[in-house]
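Descriptive structure summary
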Amino acid sequence: MTSDNWNWKNKDGSKPGLLYESGNWGDILKLLWLIETIRWKTETNAHIPYFDPFAGDVSYPLGRRTRFRLDCCRLDRLDPVAQSFIDQGLWPSAASAALGILGKVEVYDADPGRRANWLNQPGAAVQDGDDGYAILRERQPDEGVWVVDPYDLLADWRDALPLIVDKARTATVLVYLYNRSGRGDVQFRSYRAFRNALEDARGDRPKRIGRVAADAFLPQCYHETIFLPSDSDCCSGGVEQLMERLSVLAEAVNLGLWRSGVCDS
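Thresholds applied
- Residues numbered from 1 in each chain as written.
- Predicted model: local features only at pLDDT ≥ 70, side-chain atom pairs only at ≥ 80, totals over all residues.
- Heavy atoms only, no water.
- Helix = DSSP H or I, 4+ residues; strand = E, 2+ residues; numbered from the N terminus.
- Rg over C-alpha atoms; globule rule 2.2 N^0.38 Å.
- Buried < 20%, exposed > 50% of the residue type's maximum accessible area, 1.4 Å probe, protein only.
- Core = buried A, V, L, I, M, F, W, Y, C linked by side-chain atoms within 4.5 Å.
- Contact = heavy atoms within 4.5 Å.
- Pairing = 2+ DSSP bridges.
- Right-handed = clockwise from strand over helix to strand, strands pointing away.
- Axes fitted to C-alpha atoms, helices over the stretch in contact; angles between N-to-C directions.
- Expected span 1.5 Å × (residues − 1).
- Polar contact = N/O pair within 3.5 Å; in protein donor to acceptor, adjacent residues only side chain to side chain.
- 1 Å grid on protein atoms, 1.4 Å probe; cavity = no way out; pocket = protein on both sides within 12 Å on 5 of 7 lines; lining within 4 Å.
- Points joined across faces, edges and corners; volume = space filled by probe spheres on them.
- Nonpolar A, V, L, I, M, F, W, Y, C, P; charged D, E, K, R; others polar.
- Patch = residues over 30% accessible without salt bridge, like charges linked within 9 Å, V, L, I, M, F, W, Y side chains within 5 Å.
- Areas by Shrake-Rupley, 256 points an atom, 1.4 Å probe, with all protein chains shown as cover.
- Salt bridge = Lys/Arg side-chain N within 4 Å of Asp/Glu carboxyl O.
- Phe/Tyr/Trp six-rings, centres within 6.5 Å; stacked < 30°, edge-to-face > 60°.

1. Some words on the overall build of the chain
Within the chain, the regular secondary structure consists of ten helices and nine strands. Taking 2.2 N^0.38 as the reference for a compact globule, 265 residues should give roughly 18 Å; the C-alpha atoms of the chain span a radius of gyration of 17 Å, in line with that estimate. Seen along its three principal axes, the alpha-carbon backbone of the chain occupies a region of about 45 × 45 × 40 Å. For the chain, the residues scored as buried account for 51% of the 265 residues in total.

2. As for the nonpolar core
By size, the foremost hydrophobic cluster in this structure holds 49 residues, and its most contacted members are Ile38 and Tyr50. The set of elements that each furnish at least two residues to this core consists of α1 (25–42), α2 (64–73), α3 (80–86), α4 (94–102), β4 (105–107), β6 (145–148), β8 (208–213) and α10 (239–262). Top element by residues in this core is α1. It accounts for ten residues. Ignoring anything within four residues of it in the chain, the contact list for Ile38 reads Ile48, Tyr50, Ala98, Ile101, Leu102 and Val145. By size, the runner-up hydrophobic cluster in this structure holds 26 residues, among which are Leu154, Trp157, Leu161 and Val173.

3. Quick word on the pairing of β6
Taking every second residue as pointing to the same face, both faces of β6 are buried, with Val145 and Val147 on one and Trp146 and Val148 on the other. Two elements, strand β1 (residues 50–52) and β6, share two bridges in a ladder whose sense is parallel. Following the sheet pairing, Phe51 is matched in β6 by Trp146. Bridging between β6 and strand β7 (residues 172–179) involves four bridges; their strand directions are parallel. The residue bridging Trp146 from the neighbouring strand is Val173, located in β7. Following the backbone out of β6, through helix α7 (residues 157–167) and into the adjacent parallel β7, one traces a crossover that is right-handed.

4. Comments concerning the environment of Leu62
If you trace the backbone, Leu62 turns up in the loop between β2 (59–61) and α2. Take Leu62: its relative accessible area is 8%, and that puts it in the buried class. Between the C-alpha atom of Leu62 and that of Leu242, which follows or precedes it by 180 residues, the distance is 29 Å.

5. Description of the sheet that holds strand β5 (residues 124–126)
The strand order across the open sheet built from seven strands is β5-β4-β1-β6-β7-β9-β8, with neighbouring strands paired in mixed fashion. Two strands close off the open sheet at either side, each with one partner strand: β5 and β8. Strand-to-strand, the axes of this sheet are offset by a mean angle of 15°, without reference to chain direction.

6. Topic: α1
Over its 18 residues, α1 extends 26 Å from the first C-alpha to the last, a length consistent with the 26 Å expected when each residue adds 1.5 Å. A distance of 2.9 Å separates the backbone nitrogen of Gly26 from a side-chain oxygen at the start of α1, and that oxygen is part of Asn24.

7. So, the side chain of Arg69
Along the chain, the position of Arg69 falls in helix α2. Its relative accessible area of 7% is what places Arg69 among the buried residues. If near-sequence neighbours (up to four positions away) are discounted, Arg69 is found in contact with Glu21, Gly23, Asn24, Trp25 and Ile28.

8. A closer look at empty space enclosed by the protein
Scanning the model with the defined rule gives one cavity of 30 Å³ or more in all. By volume, the largest cavity amounts to about 40 Å³. Every residue lining the largest cavity is listed: Leu161, Ile164, Val175, Phe194, Leu198, Ile226 and Leu228. Contributions of two or more residues to the lining of the largest cavity are made by α7, α8 (185–202) and β9 (222–228). Residues that form the lining of the largest cavity fall into these classes: seven nonpolar, no polar and no charged.

9. Remarks on a nonpolar patch on the surface
Residues Leu255, Trp258 and Val262 make up a contiguous nonpolar surface patch of roughly 330 Å² in combined accessible area. Its relative accessible area of 54% is what places Trp258 among the exposed residues.

10. Observations regarding the packing of aromatic side chains
Here the structure, examined in full by the defined rule, presents four aromatic pairs. Here the aromatic rings of Phe54 and Tyr133 are separated by 5.0 Å at their centres, their planes lie at 65°, and the arrangement is edge-to-face. On the criterion of sequence distance, the pair formed by Phe54 in the loop between β1 and β2 and Tyr133 in helix α6 (residues 132–138) is long-range, its members being 79 residues apart. Phe54 gets classed as buried once you look at its relative accessible area, which sits at 17%. Ring plane angle 35° and centroid distance 6.5 Å describe the contact between Tyr191 and Phe194, whose orientation is recorded as tilted. Here Phe194 and Tyr191 lie together in helix α8, a separation of three residues that amounts to about one turn. A single burial state applies to Tyr191 and to Phe194, both of which are buried.

Function cannot be read off these values alone, since they describe shape.
Shown next as structure tokens:
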């Protein structure tokens, strides 16, 4: 099936209009890391910019499986911004969570319907264009938080990675990718080539990679969120403590995944 004629359908019948299940383990990890990073940044600057060139929709239907995952993680309540969506039966996009904390965001999505939905959100500045990578390339650097979450980063990483690492010298960037290395030698070599290139490009600047399996029963793929603090954030103090908190959150999601494999719903 191609992306032109197939979208994910949740087990409860809802159709979020995605090529993957919204509110999956990776979405939970990414949301937790983003909120923690924004909270850390706003301790010293309450008006940080947020930029997301692959923003998706404003929100998605909250499926039964996502509720089960959150229960397994034993996160009593997420950040109030995210929880307000969940209480309404919705799963927030990363940009929606950021908008609730910061009051304004800059977003883009290739789908015109999703862009139209963002135009109805007070505080959301919506970019025009045909390609998220082109908008990312043209975006002027700032000291904010950027999220880079294309549908399949590993398909385009040779062109995308140098761009992302360059932008991450000024902005603090969170990158999501779907790691298929467990599916076979080709996928494994592709992922290892990406990781080696990331190590070379990032050099001695710190980073943190959170990873959780896509499935507790037979994991072959992994959701990953990569935290790339800007040069100024690396020097500002406290970034090591932030990365430790990110690690604790990743461990909580991984423990939730383990619980879901022990006692399913």
